[in-house]
Amino acid sequence: MRHGDEPEIKAAIREWWAKAPMTYAETHGEVEYRLPDGSMERVELGSRRFFELADAVFYRWNDPLHDATGKFGRIFDYARYRGKPVLEVGCGMGCMASNWAAQGAKITAIDLNPVAAAQTSRRFQAFGLEGDIREVDAESLPFAAESFDFVYSWGVIHHTPGIRKAVEEMHRVLRPGGRIGLMLYNRDSLLFRYFVRYQEGLINMESRFLDNLGLASRYSDGAREEGNPHTWPVTQAEVLRELIPMFAHPEIRVLGTDVPEALDTWWPRLGRRLPLSWRKALARRLGWSLWITAEKARA
Ligand SMILES: C[S@@+](CC[C@H](N)C(=O)[O-])C[C@H]1O[C@@H](n2cnc3c(N)ncnc32)[C@H](O)[C@@H]1O
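The model shown is predicted, which means the values in this text are computed figures rather than measured ones. (Residues numbered from 1 in each chain as written. Predicted model: local features only at pLDDT ≥ 70, side-chain atom pairs only at ≥ 80, totals over all residues. Heavy atoms only, no water.)

## A look at the pairing of strand S6 (residues 148-154)
Link 1 in the chain: With seven of seven residues buried, S6 lies mostly within the body of the structure.
Link 2 in the chain: Here strand S3 (residues 85-89) runs beside S6; their pairing, made up of three bridges, is parallel. Each bridged residue has a counterpart across the sheet, and for Glu88 the counterpart in S6 is Tyr152.
Link 3 in the chain: As defined by bridge partners, S6 adjoins strand S7 (residues 174-185) across six bridges and the pair is classed as parallel. The partner of Phe150 across the bridge, within S7, is Arg179.
Link 4 in the chain: The β-α-β motif built from S6, the intervening helix H5 (residues 163-173) and the parallel element S7 has right-handed crossover chirality. (Buried < 20%, exposed > 50% of the residue type's maximum accessible area, 1.4 Å probe, protein only. Helix = DSSP H or I, 4+ residues; strand = E, 2+ residues; numbered from the N terminus. Pairing = 2+ DSSP bridges. Right-handed = clockwise from strand over helix to strand, strands pointing away.)

Below you can see the structure in the form of structure tokens.
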């Protein structure tokens, strides 16, 4: 894992994500979406329609995580935190934060890039939601110690060079007995091992031109966009040993919603042809996302 306070890298990360924010459009950072009938629709960034179309893609990708209690209800206990302070680290366009607000949590959402903070504020205004949205670095949170009951982050802190510092900050602002939820990319996944390291690194010989971090940053985010300054997936062992040893009762679940698509890059339509039980077994072992939960020990 990489640690450190590197202002130039941080500025590059902020700028890259501001230029190509997490819109979930056909092309990373753009605002054109494919509709169910196959046609394309271009929308204005920040319009109501933009948020609806971005959410539709994001929810579709994460379909197995929703339940009757709400979107992502299988991993988020909305009822437990109703009326309580919850922090999202790296909110992107505010999709998850808005669900927490609608479910009655006192949500605070931060992101390093100004476009994400502005668009999340805009979303909250457009949908009449309340929340405290700020442009802030995860590695230096401007909140008092022990001020949140739940702190979560979805697909974010593997993009910051001081990943351990970000976790320490999440730990500091949590109340004793409070919980953390972290989604981080998995280096032991089918997508990383096969698509990034083997296909792009070895077969396409990209590892002759890019170091490991360069290869991961360029290819592992699914975006295949040049210029992503920092994406470094983790392993489960690293998480337990190096990242969250200050927490109690850690649990890690491998989420594999990406597995059918990753198999398709290997052999067309393979992902859909495999029996569901095989897909599930592969997803549990080789999925792209690690969902990490733990508790801040009571003194
Ligand atoms: C892949 S997007 C995920 C956004 C959102 N969680 C989602 O799932 O749509 C990564 C986000 O991390 C943010 N980010 C990267 N480094 C950060 C840092 N040090 N502090 C806060 N946010 C950061 C980026 O600005 C970007 O919005």
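## A word on the side chain of Thr293
Link 1 in the chain: With respect to the secondary-structure elements, Thr293 resides in strand S9 (residues 289-295).
Link 2 in the chain: Judged by relative accessible area, which is 15%, Thr293 ranks as buried.
Link 3 in the chain: The residues contacting Thr293, other than those within four sequence positions of it, are Arg179, Ile180, Gly181, His249, Pro250 and Glu251. (Contact = heavy atoms within 4.5 Å.)

## Notes on the state of the cysteines
Link 1 in the chain: Counted under the stated rule, the structure contains zero disulfides.
Link 2 in the chain: Cysteine Cys91 remains unbridged, with the sulfur of Cys95 as its closest cysteine sulfur at 11 Å. (Disulfide = S-S within 2.5 Å.)

## Here's the deal with the site of the ligand
Link 1 in the chain: Lining the immediate environment of the ligand, one finds 20 residues, of which Tyr24, Gly90, Asp111, Asn113 and Ala138 sit closest.
Link 2 in the chain: Residue Tyr24 places a side-chain N or O atom 2.6 Å away from an oxygen atom belonging to the ligand.
Link 3 in the chain: Between the ligand and Ala138 there is a distance of 2.9 Å, counted from a nitrogen atom to a backbone nitrogen or oxygen.
Link 4 in the chain: Residue composition of the shell around the ligand, by class: eleven nonpolar, six polar and three charged. (Near = heavy atom within 4 Å. Polar contact = N/O pair within 3.5 Å; in protein donor to acceptor, adjacent residues only side chain to side chain. Nonpolar A, V, L, I, M, F, W, Y, C, P; charged D, E, K, R; others polar.)

## A short note on the sheet that holds S9
Backbone-to-backbone hydrogen bonds pair the strands of a sheet. The strands run either parallel or antiparallel.
Link 1 in the chain: Spatially, the seven strands line up as an open sheet ordered S5-S4-S3-S6-S7-S9-S8, and their pairing is mixed. Of all the strands in the sheet, the pair left with one neighbour each is strand S5 (132-135) and strand S8 (248-255). Going across the sheet, the axis of each strand differs from the next one's by a mean of 15°, ignoring polarity.
Link 2 in the chain: Docked against the sheet, helix H3 (residues 95-102) engages S3, strand S4 (106-111) and S6, running at close to 150° with respect to S6. (Axes fitted to C-alpha atoms, helices over the stretch in contact; angles between N-to-C directions.)

## Some points on the pairing of S5
Link 1 in the chain: By the bridge criterion, four bridges tie S4 to S5 in an arrangement that is parallel. When the bridges of S5 are listed, Ile110 appears paired with Arg134.
Link 2 in the chain: In this fold, the crossover linking S4 to S5 by way of helix H4 (residues 114-126) has right-handed handedness.

## Describing the nonpolar core
Soluble globular proteins: nonpolar side chains tend toward being buried together.
Link 1 in the chain: With 59 residues, the main nonpolar core has Phe72, Phe76, Trp100, Tyr152 and Trp154 as its most contacted residues.
Link 2 in the chain: At seven residues, the largest contribution of residues to this core is made by helix H2 (residues 48-61).
Link 3 in the chain: With residues up to four places along the chain from it excluded, the contact list for Tyr152 reads Phe76, Val86, Leu87, Glu88, Val89, Met96, Ala97, Trp100, Ile107, Met170 and Gly181.
Link 4 in the chain: Phe143, Ile163, Val173 and Val239 belong to the second-largest nonpolar core, a separate cluster that totals 29 residues. (Core = buried A, V, L, I, M, F, W, Y, C linked by side-chain atoms within 4.5 Å.)

## Things to note about a nonpolar patch on the surface
Link 1 in the chain: Together, Tyr198, Leu202 and Ile203 make up a nonpolar patch on the protein surface, roughly 310 Å² of accessible area in all.
Link 2 in the chain: Structurally, Tyr198 is set in helix H6 (residues 190-203). (Patch = residues over 30% accessible without salt bridge, like charges linked within 9 Å, V, L, I, M, F, W, Y side chains within 5 Å. Areas by Shrake-Rupley, 256 points an atom, 1.4 Å probe, with all protein chains shown as cover. Salt bridge = Lys/Arg side-chain N within 4 Å of Asp/Glu carboxyl O.)

## Some details on the layout of surface pockets
Link 1 in the chain: Volume-wise, the second largest pocket comes out at about 250 Å³.
Link 2 in the chain: Counting only elements with at least two residues in the lining of the second largest pocket, the list comes to S8 and S9.
Link 3 in the chain: At three residues, S8 tops the list of elements feeding residues into the lining of the second largest pocket.
Link 4 in the chain: Residue composition of the lining of the second largest pocket, grouped by class: seven nonpolar, two polar and six charged. (1 Å grid on protein atoms, 1.4 Å probe; cavity = no way out; pocket = protein on both sides within 12 Å on 5 of 7 lines; lining within 4 Å. Points joined across faces, edges and corners; volume = space filled by probe spheres on them.)

## With respect to the packing of H6 against helix H9 (residues 259-266)
Link 1 in the chain: One way to put it is that H6 packs onto H9 with a least axis distance of 9 Å and a crossing angle of 30°. Comparing their axes, H9 and H6 come out roughly parallel. Both H6 and H9 take part in a crossing whose hand is left-handed. Across the interface between the two elements, Leu190, Tyr194, Phe195 and Gln199 of H6 pack against Val259, Ala262, Leu263, Thr265 and Trp266 of H9.
Link 2 in the chain: Of the residues that constitute the contact of H6 with H9, the class distribution is seven nonpolar, two polar and no charged. (Parallel < 35°, antiparallel > 145°, perpendicular 65-115°, else oblique. Left-handed = near helix turned anticlockwise from the far one by under 90°.)

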